[in-house]
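Given next are the chains, with one letter for each unit.
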Amino acid sequence: MGLLAELTRGLVRGADRMAEFTSKCGSRFHKKGRGIKGMGFKVKGRRFRLIQEMIPEFVVPDLTGFKLKPYVSYKAPEGEEPALTAKQLFMDFVAPQIEKDVKEGTFDPHNLEKYGFEPTQEGKLFQLYPKNYVR
Amino acid sequence: MRLTALLAMATAKLPPGYRHGTHRPGSYADKIRNPPWLRRRRLILEPLSEEDWKVFKGDTVEILKGKDAGKQGLVSQVIRARHWIFVKGMNVHYRYLGKYGDYPGMCVPSEAPLMLRQITLIDPADRKPTEVEWRYTEEGERVRVSLRTGRIIPLPEVEHPDGIVPELWIDGPKDTSVDDALAKTYKASLKTFEEEIMELTGIAETRRARKSFWY
C-alpha cells in the first residue's frame, strides 16, 4: 500500500503517514517497545520489579536419538489418519479399561477417578477449562 | 514482521468485484492495474459451478474457433474466474520486449486466452474432439467420460510448482525419511503435553497460581 501511495499520488510529497510507528521512529528519548507482555510491575511508582516466573523459559527434553527432522521428504505420501478428537481418545484409552472392569464386575459408577475423570479443575497446574496454559 | 501481518498477507482476500487479468493477483503489475479503489463493471459469465469444471492444466484440447481453429494443444494455464484457457503456442500474437533507444526489442509470441466455448476436450483413443461429462465409476471415483465413445479421460498429472519430481527426490540432512515420518509412535494418554514433558524432565511444581477473575 505504501508503494502504491507513492506511485499514484504523483506530486504529493512527505512521509508515509499510514506506516506503523515502531521503536525505530521518533526522537532518541521516545522509548517504545515492540508489544511483548509485561514481566513484572512497578514498585513505589518508578522501580520495576521483575518476576522470574513471568519470563518464558523453554523446557526441552533430551533429543538424542530423535528421528524426526524439521522437514518431511517429498516421497512421503499424505497421511490417512483422521485428526484426534476427544471421543477417539476416550475410545482408545478409557473405554477398554471400563469394558474390562464391567466384565469382571468391579465397575463402580461412583469411582470414575481411576479412569481419569476429573470432577473439578481446581488444584491442577494445567487446567483444561478455563484453559490456563498457552498452546 | 508481525505474525498477524504475515497471516493476513497469506490469506489476502481479493476486493469485491475484482476482475481477473492475465497477471497474477498480488503481483506488481496487477497492483498497478487494479489498485484497491478500482471498481469496474462486472463481467457476465456463463453460470458454471466449480464441480462441473472439466478442463485442467496439462489436458490436450482442440480449438474450435479463432485463428488456430482445428488445432490441438496442451493447456498451459487455466483462470477459472474468467473461464479462460491458455493453450501453449496457440492463439498467439506478437509483441516486442525490452525496447530502448534505437533497439526495437525482442519479438516474443504471447498466447491470448480462449473461452470455454471455443475449446473441447479430446478423446485419447481416437484423438478427436468430444463432449465430456463427469460420472462415477463402480468404485465410486469421479471421472470424466467422453459421451461419444464412453472412454474415461484421465485427469492430467498435477506437476509440483517447484518442478520437483517426488520419485527422483533425494533426501537432504534436514529431511525426515519416509519410514520415520510414517512410523506411528503415538501412545494415547490423558496427560497434556506439558504434564508429560514435566514428568520426562523431572520438574515438580507444587505452587499454584492465585485465583483470579475476569469478566
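Residues numbered from 1 in each chain as written. Chains lettered and ligands numbered in written order. Predicted model: local features only at pLDDT ≥ 70, side-chain atom pairs only at ≥ 80, totals over all residues. Heavy atoms only, no water.

What counts here: UniProt positions are given in the numbering used here, feature names are shortened, and annotations may be inferred rather than shown by experiment.
The name recorded for chain B in an unreviewed UniProt entry is Large ribosomal subunit protein uL24m, from Crocodylus porosus. Its UniProt record, at the heading Sequence similarities (unreviewed entry), says of chain B: "Belongs to the universal ribosomal protein uL24 family." The heading Subcellular location (unreviewed entry) in the UniProt record of chain B holds the text "Mitochondrion".

## Digging into the sheet that holds strand β9 (residues 132-136) of chain B
Residues and elements named next belong to chain B. Where we set the bar: The criterion for strand pairing is that DSSP finds at least two bridges linking the strands in question. To qualify as a helix, a DSSP run of H or I must reach at least 4 residues; to qualify as a strand, a run of E must reach at least 2; elements of each kind are numbered from the N terminus.
A sheet is described by the order of its strands in space; here 3 strands give the open sequence β9-β10-β11, paired in antiparallel fashion. Since the sheet does not close on itself, it has two edges, and those belong to β9 and β11 (152-153), each with one partner. As paired strands, strand β10 (residues 142-146) and β11 are joined by 2 bridges and run antiparallel to one another. Each residue of the ladder has a partner; that of R144, found in β11, is I153.

## Section: the pairing of strand β2 (residues 72-79) of chain B
Residue and element names in this part refer to chain B. Where strand β1 (residues 60-63) meets β2, 3 bridges bridge the pair, whose relative direction is antiparallel. Bridge pairing in β2 links E62 to Q72. Summarising the sheet, β2 and strand β3 (residues 84-87) pair through 4 bridges and their orientation is antiparallel. Paired with V75 across the bridge in β3 is V87. The antiparallel hairpin formed by β2 and β3 contains 4 residues in its connecting segment, where H83 sits at a positive phi of about 60°.

## Thoughts on the nonpolar core
Side chains of a nonpolar character, in soluble globular proteins, are inclined to be buried together. All names here are of chain B. Note the cut-off: Only buried residues count toward a nonpolar core, which is a set of Ala, Val, Leu, Ile, Met, Phe, Trp, Tyr and Cys residues joined through side-chain atoms within 4.5 Å. Buried, partly exposed and exposed residues are distinguished by accessible area as a fraction of the type maximum, computed with a 1.4 Å probe on protein chains only: under 20%, between the cut-offs, and over 50%, respectively. The contact definition used throughout considers only heavy atoms, calling two residues in contact when any of these lie within 4.5 Å.
Judged by nonpolar contacts, the single largest core of 14 residues is most densely connected at V55, V61, I63, I85, V87 and I119. Only β1, β3 and β7 (119-123) provide two or more residues apiece to this core. Look past the residues within four positions of I119 in its chain and what remains in contact with it is V61, E62, I63, L64, I85, V87 and L114.

## Observations regarding helix α4 (residues 193-201) of chain B
Residues and elements named next belong to chain B. What counts here: Taken from the helix axis, the directions to the C-beta atoms give the arc we talk about.
Every buried residue of α4 is listed here: E194, I197 and M198. The buried residues of α4 occupy an angular sector of 105° when projected down its axis, which confines them to one face. For α4, the exposed residues lying more than 90 degrees away from the buried face are E199 and L200. Looking one or two residues beyond α4, the residue adopting positive phi is G202, at roughly 75°.

## Structural notes on a nonpolar patch on the surface
Residues and elements named next belong to chain A. This is how it is decided: Surface patches are drawn from residues lacking salt bridges whose relative accessible area is over 30%; two like charges belong together within 9 Å, two nonpolar side chains (Val, Leu, Ile, Met, Phe, Trp, Tyr) within 5 Å. All accessibility values rest on the Shrake-Rupley procedure with a 1.4 Å probe; residue burial counts only the protein chains present in the view. What makes a salt bridge here is a side-chain nitrogen of Lys or Arg within 4 Å of a carboxyl oxygen of Asp or Glu, nothing more.
Taken together, the side chains of F58, V60, L63, F66 and L68 define a hydrophobic patch exposed on the protein surface, amounting to about 600 Å² of accessible area. Its location among the elements puts V60 in the loop between β2 (47-50) and β3 (71-72). Its relative accessible area of 56% is what places V60 among the exposed residues.

## A closer look at the sheet that holds β3(B)
All names here are of chain B. On the basis of which strands lie adjacent, the open sheet formed by 6 strands has the order β6-β3-β2-β1-β7-β8 and antiparallel pairing. In this open sheet, the two edge strands, each paired with only one partner strand, are β6 (114-115) and β8 (128-130). Pairing of β1 with β7 involves 3 bridges; the strand directions are antiparallel. The residue bridging I63 from the neighbouring strand is I119, located in β7.

## Comments concerning the layout of surface pockets
Inclusion rule: We place a 1 Å grid over just the protein atoms. Points where a 1.4 Å probe fits but has no way out form a cavity, open points with protein on both sides within 12 Å along at least 5 of 7 lines form a pocket, and any residue with an atom within 4 Å of a point lines it. Grid points are joined across faces, edges and corners, and a volume is the space filled by probe spheres set on the points. In the scheme used here, Gly and all other residues not listed as nonpolar or charged are polar, with Ala, Val, Leu, Ile, Met, Phe, Trp, Tyr, Cys and Pro taken as nonpolar and Asp, Glu, Lys and Arg as charged.
Space inside the largest pocket adds up to approximately 2,200 Å³. Taken together, 41 residues line the largest pocket, and the ones lying closest to its centre are E53(A), L125(A), F126(A), N132(A) and Y133(A). Around the second largest pocket, the lining comprises 38 residues; the ones closest to its centre are Y186(B), K187(B), S189(B), K191(B) and E196(B). Mapped by element, the contributors of at least two residues to the lining of the second largest pocket are α2 (86-104) of chain A together with α3 (178-182) and α4 of chain B. When grouped by side-chain class, the residues that make up the lining of the second largest pocket number 22 nonpolar, 7 polar and 9 charged.

## A few points about the pattern of salt bridges
This structure, assessed with the given rule, holds 15 salt bridges over all chains. Between K184(B) and E81(A) there is a salt bridge, and its shortest N-O distance comes to 2.9 Å. Separated into two different chains, K184(B) in the loop between α3 and α4 and E81(A) in the loop between β3 and α2 make up a pair that spans both. A salt bridge links R148(B) to D126(B); the nearest nitrogen and oxygen atoms lie 3.1 Å apart. With R148(B) in the loop between β10 and β11 and D126(B) in the loop between β7 and β8, the pair connects residues that are 22 residues apart, well separated along the chain. A residue is classified by how much of its surface remains accessible, and R148(B), at 46% relative accessible area, is partly exposed. According to the relative accessible area criterion, D126(B) is partly exposed, its value standing at 31%. Through salt bridges with shared partners, a single ionic network connects E53(A), E205(B) and R207(B).

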